[in-house]
Amino acid sequence: MDWGMKNRMSRIFRSKNGRTVMLAVDHGYFLGPVSKLEEPRKAIEPLIPYADSLMLTRGLLRNCIEAKHDIPVVLRVSGGNSIIGKDLSNEEISVSVRDAVSLNVSAVAFSVYLGAEYEHQTLINLTRLIDNANEFAVPVLAVTAVGKELDKRDARFLSLSCRIAAELGAHIVKTYYCEDFEKVVKSCFVPIVIAGGPKLRNELDALEMAYAAVNCGAKGVDMGRNIWQSKWPVAMISAIRSIVHDNFSVRKAYALFNSLKK
Ligand code: R5P
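Residues numbered from 1 in each chain as written. Predicted model: local features only at pLDDT ≥ 70, side-chain atom pairs only at ≥ 80, totals over all residues.

Overview of the overall build of the protein chain
- A tally of helices and strands in the protein chain yields 12 helices and 10 strands.
- Taking 18 Å as the expected radius of gyration for a compact globule of 262 residues, we find that the protein chain reaches 17 Å, a close match to that expectation.
- Counting all 262 residues of the protein chain, 49% fall into the buried class.
- Contacts spanning at least 24 positions in sequence make up 67% of the contacts within the protein chain whose residues lie at least 6 apart. (Helix = DSSP H or I, 4+ residues; strand = E, 2+ residues; numbered from the N terminus. Rg over C-alpha atoms; globule rule 2.2 N^0.38 Å. Buried ≥ 20, exposed ≤ 12 C-beta atoms within 10 Å, placed from the backbone. Contact = placed C-beta atoms within 7 Å.)

Describing the site of the ligand
- Residues in contact with the ligand amount to 13 residues; listed here are only the nearest, Ala24, Ala195, Gly196, Gly224 and Arg225.
- Those elements that place two or more of their residues in the shell around the ligand are strand 10 (220-223) and helix 10 (225-228).
- Here the shell around the ligand is composed, by residue class, of 5 nonpolar, 5 polar and 3 charged. (Near = placed C-beta within 6 Å. Nonpolar A, V, L, I, M, F, W, Y, C, P; charged D, E, K, R; others polar.)

With respect to the nonpolar core
- Ranked by internal contacts, the top residues of the largest apolar core, which has 83 residues, are Val74, Val108, Ala210 and Ile240.
- Setting aside residues no more than four positions away along its own chain, Ile240 makes contact with Val21, Ala210, Val221, Met223 and Ile227. (Core = buried A, V, L, I, M, F, W, Y, C linked by C-beta atoms within 7 Å.)

Looking at the pairing of strand 7 (residues 140-144)
- Of all 5 residues that make up strand 7, 5 are buried, and the element is covered over most of its length.
- Relative to strand 7, strand 6 (residues 107-112) is paired through 5 bridges, and the arrangement is parallel. Within the sheet, the bridge partner assigned to Val112 lies in strand 7 and is Thr144.
- Summarising the sheet, strand 7 and strand 8 (residues 172-176) pair through 3 bridges and their orientation is parallel. Residue pairing across strands places Leu141 opposite Ile172, the latter belonging to strand 8.
- In this view, the connection linking strand 7 to its parallel neighbour strand 8 by way of helix 7 (residues 155-167) has right-handed handedness. (Pairing = 2+ DSSP bridges. Right-handed = clockwise from strand over helix to strand, strands pointing away.)

Focus: the packing of helix 9 (residues 203-215) against helix 11 (residues 233-246)
- It is the contact of helix 9 with helix 11, at a shortest axis distance of 9 Å, that shows an interaxial angle of 25 degrees. Relative to helix 11, helix 9 is oriented roughly parallel. The two elements helix 9 and helix 11 cross, and the hand of that crossing is right-handed. Contacts between helix 9 and helix 11 pair Glu203, Leu207, Ala210, Tyr211 and Val214 from the former with Met236, Ala239, Ile240, Ile243 and Val244 from the latter.
- Here the residues of the contact of helix 9 with helix 11 are counted per class, giving 9 nonpolar, no polar and 1 charged. (Axes fitted to C-alpha atoms, helices over the stretch in contact; angles between N-to-C directions. Parallel < 35°, antiparallel > 145°, perpendicular 65-115°, else oblique. Left-handed = near helix turned anticlockwise from the far one by under 90°.)

Things to note about helix 12 (residues 250-261)
- An ideal rise of 1.5 Å per residue puts 16 Å on 12 residues; helix 12 measures up with 16 Å between its terminal C-alpha atoms.
- Packed against the buried residues of helix 12 are helix 9 and helix 11. (Expected span 1.5 Å × (residues − 1).)

Some words on the environment of Ser161
- Within the secondary structure layout, Ser161 lies in helix 7.
- The spacing of Ser161 and Val105 is 56 residues in sequence and 25 Å in space, taken between C-alpha atoms.

Brief notes about the pairing of strand 6
- Within strand 6, 6 of the 6 residues are buried, which leaves the element mostly enclosed by the surrounding structure.
- Every second residue of strand 6 is oriented toward a common face, with Ala107, Ala109 and Ser111 on one face and Val108, Phe110 and Val112 on the other, all of them buried.
- Of the strand pairs in this sheet, strand 3 (residues 73-76) and strand 6 are connected by 3 bridges, and their pairing is parallel. Across the sheet, the residue bridging to Val74 is Ala107, located in strand 6.

The structure is reproduced here in structure tokens:
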């Protein structure tokens, strides 16, 4: 791996354990003012000290995040769809690698939609993005999107999506946690991080999911709603960190969450 690429990867994955807590706040690119991110600056700023990287769009980055922060950025570079549009999978590359580099990013993120109407378009665009990003030594994170069909989140579908993304050259893959998750991790030869998905019933469920994922071999989380839609986002991201970085059990992490929420 090229020095620049290695250096960028090492900004995202901590050297102590090769793991990461990425804070995902890119949802507005197709969801608009999603609940609890209506005022992004207010929601994101207090969480920055607890995140290993921020995943977001260039609009949010340029307008709502102070440039002084020493936090690696994973830039969302796909878009062109919306939650009210005809097909969520109809995404294209929405940012040039040149602009991403001008924002000093540590990686770029792009969604692929397996089994969807625009599967081919998203996969070919992923390879084009990777060709461009490789020239600038910028890692590409492939997001294995499921669109509106959350029931696609099983080991068979996610293994297929993750492996194809890795085969096409993605440097990191983000996917969902599912039953038999170790199968997904085993058959994907690049680091996997998990998305949290829609807000779960309670914080304990989200901690259990993060714990199970890292114990199956995920290199961490790229989590959004289960952190910033919690009533206690700082307590929640701290508890997630304790699992990812300090090998806390769910019980200990939940106790930490409860003590911090006070
Ligand atoms: C999709 O909206 C984005 O790729 C999110 O970054 C991803 O789904 C992670 O966020 P959450 O944990 O809220 O699912």
